[in-house]
Amino acid sequence: MRIAPLTFIVSASILAMGTVAQSAMAQDTATVTAIESELSNKQSELDRYSVVLEKHLAEETRLQSQLELLRKRSGELDKEKNQALDAMNELYRRLIDDPSIDISSAQTRYQQAVTDHKQNKEDIAMQIAAIASQRKDIEQVRVTKHTLVNTLENLKDQLGTARVERLRNEFTREGTLEVDHTINCKRTETLAACEQRGQQMGLQKATKRFIDQIFANLTESRVVEPKRNMAGAQVQVVSSHVVNSGFSGQGNYNVNLSVTMRGDVNSSRLCNLLSLDNRYCAEYGTPLAVNYQSNYSTVYSDNQLTFSDEQSDPVEVATITKQPVVETPLVKKSQTADKTVELTLRSNVYDDEVFINGVSYGATKTTVAIPAGFYDVEIRKLGYEPYKVRINLRAAQTINAKLVKKRQSVTSVVTKKPEPEAQQSQVVAVATTENELAIIPAGTFKMGDLTGNGLPNERPIVEKVLSHSYAMQSTEVTVAAFRRFAQSTGYKTLAEQGKGCAYYKNGEPVWELEYNWENPGYEQSDNFPVVCVAYDDAKAYANWLSGEKGQQFRLPNEVEWEYAARAGTASEYPWGNEIGRNLANCGWCGSEWSNKSPSPVAQFSPNSYGLYDTVGNVWEWTQKRASQSDVTVRGGAWNFAPSLARVSTRLALAPDFRANYIGFRLVRER
């Protein structure tokens with residue numbers, strides 16, 4: 001017998017989500033809107049500063065051209081002055097023999113030449129001062145631009161987090177549907193069975209209607225709907241009760257159900273739905289559905305909510321009574337479900353790989369359903385000791401693996417501090433990471449913004465050829481290494497000369513006169529990267545090291561730096577196009593140092609060329625060309641947005657700028 005068409009009566013007042021839920025959704029949307037508005041404002045401000053910078057640069061070019069003309073004229077005036085002097089001297093010699101000769105015109109010419117030459121020198125001095133003032137303005141505008149760029153990227157991070165949270169809250173909203181459902185009872189079933197089937201089918205249809213409405217009411221439904229099958233969306237039946245029910249004389253059964261439901265979603269998939277980096281969802285951990293199963297016995301996933309009027313064998317359910325609130329366990333586990341057991345695997349790192357009996361199951365966090373029995377489980381990640389365990393899987397089990405970094409070589413340098421003979425010698429032990437050299441092979445690569453996500457100064461893309469291999473320090477120069485230089489030479493950095501060092505406060509650089517490489521504004525140890533060093537300070541260290549080693553050390557140029565940092569890849573970062581979590585020390589990158597301080601060097605896995613911390617930690621000075629007045633720093637920093645730690649990102653700074661987020665590493669020439 002064919003089931004009669006279903007009829008739904010949906011109460012408008014009941015469909016509306018609870019006041020608290022509505023308030024939360026409105027707050028989420030307000031947060032996203034506020035961030036988007038601030039992003040728009042900051043982008044407009046950045047655009048204005050870009051225009052201002054272009055005008056300043058154009059003015060500097062004009063002033064430089066005028067200076068070149070003045071210098072050229074200086075040579076001409078100097079020549080004229082000498083010629084006028086020679087002419088006047090010649091007339092003086094002739095005046096001795098012929099006192100009647102008039103030398104006034106020669107004197108006037110020489111006097112004018114001297115005056116013109118003097119005025120030109122003054123003009124040159126004024127022009128140099130004007131250029132210096134212009135350069136100061138340019139430096140200030142550039143620093144402001146860098147601040148705005150970092151603020152923009154941070155806002156984008158906040159926007160991603162806010163969008164994920166809004167979507168999660170929209171999926172997990174709660175509401176109540178009142179459903180009126182009528183079916184024809186089968187001749188072969190009892191009235192009790194017909195009643196049970198009618199309630200079951202009405203309940204299933206209510207859950208499907210509820211989840212459809214969740215998707216329809218998502219703020220970003222156009223973005224999410226095409227990926228609906230990937231959402232892992234579910235409906236939890238919190239409670240349900242029969243409002244009214246009865247049989248008709250024609251063998252029909254009608255039931256009016258009031259069903260309270262709560263949406264649920266696999267929170268770890270929210271980023272994929274919004275096309276965001278997975279790091280925004282890492283905090284949610286294991287999909288919520290696994291946790292909620294134990295709290296709410298009635299759970300339907302989105303892909304299970306396929307309902308047909310032709311359905312004749314409903315899943316066995318417990319009877320729904322007419323009492324006000326009854327928890328309704330709908331789905332009874334089938335016997336086949338007992339043949340597999342869920343194994344959940346987690347680890348303390350990102351982008352690892354899980355192997356069960358030698359077969360890859362992707363990265364953690366993951367849950368697999370496998371038959372009961374013995375299994376060899378291994379979790380691997382480059383730069384970490386593999387985690388291995390043998391288990392006897394009989395019931396649902398979770399493995400929380402803790403991967404440990406492979407040990408780095410550490411060298412202790414012991415020096416003796418000179419003491420008077422009357423006092424005992426004091427031995428000072430300095431523990432420092434040995435800064436080994438990585439060999440960078442010759443090759444060709446494309447330099448610049450290869451993915452289209454970069455800043456304007458990363459374009460155009462240019463193919464570069466490095467004809468010879470070279471060596472680069474595997475880590476940034478450490479505090480301990482710089483101390484040996486300072487103690488050996490008595491060198492004082494620019495910051496130590498009473499000019500201080502910049503640090504970030506409220507999103508912009510602020511100067512602190514007391515800050516320097518030994519006191520950068522945060523606690524540091526000897527194996528931290530040295531900071532608060534200007535460009536010339538880094539060059540001075542390179543010159544000293546060259547003398548110490550008997551080999552030529554210098555800062556890498558931009559081509560050498562990017563080629564080495566890419567290490568044969570064409571992605572944003574050495575491991576791919578997503579920053580991930582805890583793979584580097586940058587702002588909001590999920591490390592224990594993010595937004596707090598640099599990390600000790602070599603705390604994260606190296607790239608394929610053996611270089612550490614080319615992503616984040618501290619910006620690194622590069623060698624400027626002779627034609628450049630500014631110097632470029634590369635690599636991002638612990639307090640800058642992840643998107644500014646991309647391999648192609650470049651920031652131009654004045655050579656005398658120094659900050660507690662800028663350091664350096666060196667290359668050794670062949």
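Structure report, in brief. Quick caveat, the model's predicted, so the values are computed rather than measured.

The subject of this paragraph is the overall build of the protein chain. A count of helical and extended segments in the protein chain gives 10 helices and 27 strands. Within the span of the protein chain, comprising 670 residues, buried residues form 47% of the whole. For the protein chain, the share of sequence-separated contacts (at least 6 apart) that also reach a separation of at least 24 residues comes to 70%. A total accessible area of about 33300 Å² is found for the protein chain, and carbon and sulfur atoms account for 49% of it.

Our focus in this paragraph is the state of the cysteines. Following the criterion strictly, the structure yields 4 disulfides and no others. In the protein chain, numbering the disulfide-bonded cysteines from first to last in sequence yields the connectivity 1-2, 3-4, 5-6, 7-8.

Residue placement: Asn272 occurs in helix H6 (residues 270-273). Residues Asn272 and Lys227, 45 residues apart in the sequence, show an inter-C-alpha distance of 8.5 Å. Setting aside residues no more than four positions away along its own chain, Asn272 makes contact with Lys227, Met230 and Asn278.

The next subject is the sheet that holds strand S19 (residues 470-473). Here we have 4 strands laid out as an open sheet, ordered S16-S19-S27-S22, and antiparallel in their pairing. Each edge of the open sheet is held by one strand with a lone partner, namely strand S16 (437-440) and strand S22 (553-554). When S16 meets S19, the two strands line up antiparallel, connected through 4 bridges. Across the sheet, Leu437 pairs through a bridge with Gln473, a residue of S19. Sheet strands in contact with helix H10 (residues 558-566) are S16, S19, S22 and strand S27 (667-668), and its direction is about 75 degrees off that of S19.

What follows concerns the packing of helix H8 (residues 479-489) against helix H9 (residues 535-549). At their nearest, the axes of H8 and H9 sit 10 Å apart, and the two run at 80 degrees to each other. Comparing the axis directions of H8 and H9 gives the class roughly perpendicular. Residues Ala481, Phe482, Arg484, Phe485, Ser488 and Thr489 of H8 lie in contact with H9, whose contacting residues are Asp537, Ala540, Tyr541 and Trp544. Here the residues of the contact of H8 with H9 are counted per class, giving 6 nonpolar, 2 polar and 2 charged.

Basis of the calculations
Residues numbered from 1 in each chain as written. Predicted model: local features only at pLDDT ≥ 70, side-chain atom pairs only at ≥ 80, totals over all residues. Heavy atoms only, no water. Helix = DSSP H or I, 4+ residues; strand = E, 2+ residues; numbered from the N terminus. Buried < 20%, exposed > 50% of the residue type's maximum accessible area, 1.4 Å probe, protein only. Contact = heavy atoms within 4.5 Å. Areas by Shrake-Rupley, 256 points an atom, 1.4 Å probe, with all protein chains shown as cover. Disulfide = S-S within 2.5 Å. Pairing = 2+ DSSP bridges. Axes fitted to C-alpha atoms, helices over the stretch in contact; angles between N-to-C directions. Parallel < 35°, antiparallel > 145°, perpendicular 65-115°, else oblique. Nonpolar A, V, L, I, M, F, W, Y, C, P; charged D, E, K, R; others polar.

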